[in-house]
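Topology and contacts: notes
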2 protein chains.
Amino acid sequence: MPDQDDAVIWLRPEVTGRGRVPGYSRAQIAKAAIAVADAEGLEAASMRRVATEIGAGPMSLYRYVRNKDELHLLMTDEVLRQDWPRWATMPEPDWEQTLRRMAHNLRALVLAHPWWAEVMTRGPVFGPTIMRMVDVTLAGLDGLGLDIDEMMDVAEIIRTFAIGHAQQEHHAARAMAATGSADHANMAPDWIPYVMSVIESGEYPYVRRVVLDASSPHESDSGVLFDRALGRLIAGIAATLPEA
Amino acid sequence: MPDQDDAVIWLRPEVTGRGRVPGYSRAQIAKAAIAVADAEGLEAASMRRVATEIGAGPMSLYRYVRNKDELHLLMTDEVLRQDWPRWATMPEPDWEQTLRRMAHNLRALVLAHPWWAEVMTRGPVFGPTIMRMVDVTLAGLDGLGLDIDEMMDVAEIIRTFAIGHAQQEHHAARAMAATGSADHANMAPDWIPYVMSVIESGEYPYVRRVVLDASSPHESDSGVLFDRALGRLIAGIAATLPEA
DNA sequence: CTCCGATGCGTACGACGTACCCATAGGAGG
DNA sequence: CCTCCTATGGGTACGTCGTACGCATCGGAG
């Protein structure tokens, strides 16, 4: 895990040494915001909500963070920082193994914190641990005859795939949980009648097959589906390496 | 392009035949909302804003759409409907060509309407044209010995990759445009000093190389980068096909 | 002890999503 | 033709949001 001092190198300095001592910490704020987002979604992690969650006034967080977007960056970096033990032993000597581990780590993060994918894909993401992750990944791709742009491109492909696929897995799992449990009527998805009308219209034969012929234990082996697709992607990358 | 009547099969019926005749149309609302989102981002396409844009009152849109989320679904489907000529001639006899065209179409849509990727990845997306797109894609994967789950999985892999990669391209292009044009000081990215501090800290050698050694015309050939990565992915899929 | 800079936070403004209600338009049935 | 009935457009209102601004207060530096 990166040093706690890394938090000093943030968009704003943690402590300045002058004036009143802060009553909260960025890590504390991030943890509270993460808890809210995990339980109720990213949009629930608002400035005011997180502030009241830690017992602070509505405007107090602005001493630690400039925007709501910066709060979300803080949360995103903190999540990765808590997961850092999985990354600390990278890169592997084998570049394929490095990419595999990176992809599986990202997938696990998205499944654990679904809002994380939203922040990671909405725009460029910065933070000390994020940068360290990029550095580790690129280090694992060094010495293959790729220049820095190509290395970054390969890393981005894996990153995009892993986060996007995991996000899709999460949505599928949620949809199945919502349709399967009719007893939990509180989260009955409102698009069910529309999907029914679609498959009854007869104009979408393949969509109909997807809905009706889907194998039930779809989620149990989603991990191996992910790994299989990842293997295909890595094999494709290996095939176009310079010294292959 | 799908029939305009397809709009009738929507989450709510377009016209009921009784009572006062509607003064607006879903297509009109969607077009206005798309214009706003293209110009100022998805979060600017609010209920009130779109309503005033078409000269309606704050609550009038709720006669055409149930939620803000449903407005975004409407926009998303309308964008695809306008792009439908590119899809109407699919599927190709060659499944690889079908996937290639699908991926390139999705990429073009994301680059033309960056907010589109956000809606497509935030949750399950429905709509008549979306369903048709899924149907066409799955039709292109029929007869390869895959069951419907595997066909859907292959399509999702390509879809996830294309949208995610295009979204990343867009962010990279925006970042480069923002840093390159210092004259347009209105959109000076606020993370520049942080990135500078990161590469000056010396702790992130590869990030430093990415920032300093990046080849300038990064965006000109981003299309071929996309196509190369897509080719890798398709080759990987082809290698694991049943009758290969 | 004094000072001064940073902190915590109250107030306030505009924008948001949307629940609720009502006047109204305009085909359907007479 | 008139009447009725239903769906429409929209006004009002409530709670929440991000955040600009200002002020009292705390506590280390001098």
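So, how was this worked out
Sequence order sets the numbering: in each chain, residues are counted from 1 along the sequence as written. The naming scheme follows written order: chains are lettered A onward, ligands numbered 1 onward. Given that this is a predicted model, residues contribute local features only at a pLDDT of at least 70 and side-chain atom pairs are listed and counted only at 80 or more, while totals for whole chains, interfaces and linings are drawn from all residues. Going along the chain from the N terminus, every DSSP run of H or I of four or more residues is numbered as a helix, and every run of E of two or more is numbered as a strand. In this scheme every C-beta is placed from the backbone, and a residue whose C-beta has 20 or more other C-beta atoms within 10 Å is buried, one with 12 or fewer is exposed, and one in between is partly exposed. Each residue is represented by a C-beta atom placed from its backbone, and any two residues with such atoms within 7 Å are regarded as in contact. Axis definition: a line fitted to C-alpha atoms, limited for helices to the stretch in contact. Angles are taken between N-to-C directions and run from 0 to 180 degrees. Helix crossings get a hand from a simple test, with the near helix turned counterclockwise from the far one by less than a right angle marking a left-handed crossing and a clockwise turn marking a right-handed one. Put simply, Ala, Val, Leu, Ile, Met, Phe, Trp, Tyr, Cys and Pro go in the nonpolar bin, Asp, Glu, Lys and Arg in the charged bin, and everything else, Gly too, in the polar bin. How far each domain reaches was decided by an automatic or database domain assignment. For classification purposes, angles smaller than 35 degrees are called roughly parallel, those larger than 145 roughly antiparallel, those between 65 and 115 roughly perpendicular, and all remaining angles oblique. To line up the copies, we fit them by least squares on C-alpha atoms, keeping just the residues with pLDDT of at least 70 in both. In this analysis, the expected span of each helix is defined as 1.5 Å times one less than the number of residues it contains.

**Here we look at the overall build of chain A**
- For chain A, the helix and strand inventory stands at eleven helices and zero strands.
- In chain A, the succession of α and β elements from N to C terminus is α-α-α-α-α-α-α-α-α-α-α.
- In chain A, which comprises 244 residues, the share counted as buried stands at 38%.
- In chain A, of all internal contacts separated by at least 6 residues, the share reaching a separation of at least 24 is 65%.

**Overview of the packing of helix α5 (residues 95–112) of chain A against helix α11 (residues 222–239) of chain A**
Residues and elements named next belong to chain A.
- Closest axis-to-axis distance for the α5/α11 pair is 11 Å, and the angle between their directions is 145°. Remark: the crossing between α5 and α11 carries right-handed chirality. When α5 is examined against α11, the residues Glu-96, Leu-99, Arg-100, Ala-103 and Arg-107 are found in contact with a partner set consisting of Phe-226, Leu-230, Ile-234 and Ala-238.
- Looking at the contact of α5 with α11 residue by residue, the class counts come to six nonpolar, no polar and three charged.

**Some thoughts on the domain arrangement of chain A**
Residues and elements named next belong to chain A.
- Structurally, chain A comprises domain 1 (4–82) and domain 2 (88–239).
- Every contact between the two is made by 15 residues of domain 1 and, on the other side, 14 residues of domain 2.
- Every element with two or more residues in the side of domain 1 that touches domain 2 is listed here: α1 (26–40) and α3 (68–82).
- Per element, the largest residue contribution to the side of domain 1 that touches domain 2 is seven residues, and it comes from α3.

**A closer look at the environment of B:Ala139**
- Position of B:Ala139 among the secondary structure elements: in helix α7 (residues 128–140).
- Using a count of 16 C-beta atoms within 10 Å as the deciding quantity, one classes B:Ala139 as partly exposed.
- In this structure, the C-alpha to C-alpha distance between B:Ala139 and B:His104, residues 35 residues apart in sequence, is 18 Å.
- Setting aside its immediate chain neighbours within four residues, B:Ala139 contacts A:Tyr206 and B:Pro91.

**Comments concerning the environment of B:Tyr64**
All names here are of chain B.
- As for its position among the elements, Tyr-64 is in the loop between α2 (47–53) and α3 (68–82).
- As a C-alpha pair, Tyr-64 and Pro-22 span 42 residues in sequence and 9.3 Å in three-dimensional space.
- Beyond its immediate stretch of four places on either side in the chain, Tyr-64 contacts Tyr-24, Arg-26 and Ile-29.

**Regarding the interface of chain A and chain B**
- Contacts between chain A and chain B engage 53 residues on the former and 53 residues on the latter.
- Residue assignment for the side of chain A that touches chain B shows that the elements contributing at least two residues are α6 (114–122), α7 (128–140), α8 (148–180), α9 (192–201), α10 (205–212) and α11 of chain A.
- Examining the composition of the side of chain A that touches chain B, we find that 14 residues originate from one element, α8(A), more than from any other.
- Partitioning the side of chain A that touches chain B into residue classes produces 29 nonpolar, 14 polar and ten charged.

**Some details on the packing of helix α1 (residues 26–40) of chain B against α3(B)**
All names here are of chain B.
- Between α1 and α3, the least distance of the axes is 9 Å, while the angle of their chain directions is 90°. On the basis of their axis angle, the class for α1 and α3 is roughly perpendicular. Note on element contacts: α3 touches α1 through Leu-71, Leu-74, Met-75, Glu-78 and Val-79, opposite Arg-26, Ala-27, Ile-29, Ala-30, Lys-31, Ala-33, Ile-34 and Ala-37.
- In the contact of α1 with α3, the residues fall into ten nonpolar, no polar and three charged.

**So, the relation of the copies chain A and chain B**
- Between chain A and chain B, which share one sequence, the superposing operator has a rotation angle of 180° and an axial displacement of 0.0 Å; the RMSD is 0.0 Å. Taken together, these values place the two copies in the relation of a two-fold axis.
- By residue overlap, the copies meet face to face through one surface: 100% of the interface positions of chain A are interface positions in chain B.

**Structural notes on α6(A)**
- Counting buried residues in α6(A) gives seven out of nine residues, a clear majority hidden from the surface.
- Residues of α6(A) that are buried: A:Pro114, A:Trp115, A:Trp116, A:Ala117, A:Glu118, A:Met120 and A:Thr121.

**Digging into α7(B)**
All names here are of chain B.
- End to end, α7 covers 19 Å across 13 residues, agreeing with the expected 18 Å (1.5 Å per residue, within 8%).
- Among the 13 residues that make up α7, eleven are buried, leaving the element largely enclosed by the rest of the structure.
- Of the positions making up α7, those classed as buried are Pro-128, Thr-129, Met-131, Arg-132, Met-133, Val-134, Asp-135, Val-136, Thr-137, Leu-138 and Gly-140.

**Digging into unusual backbone geometry**
- Geometrically, the link from A:Met90 to A:Pro91 is a cis peptide bond, its omega value of 5° lying close to zero.
- Relative to the assigned elements, A:Pro91 resides in the loop between α4 (85–88) and α5.

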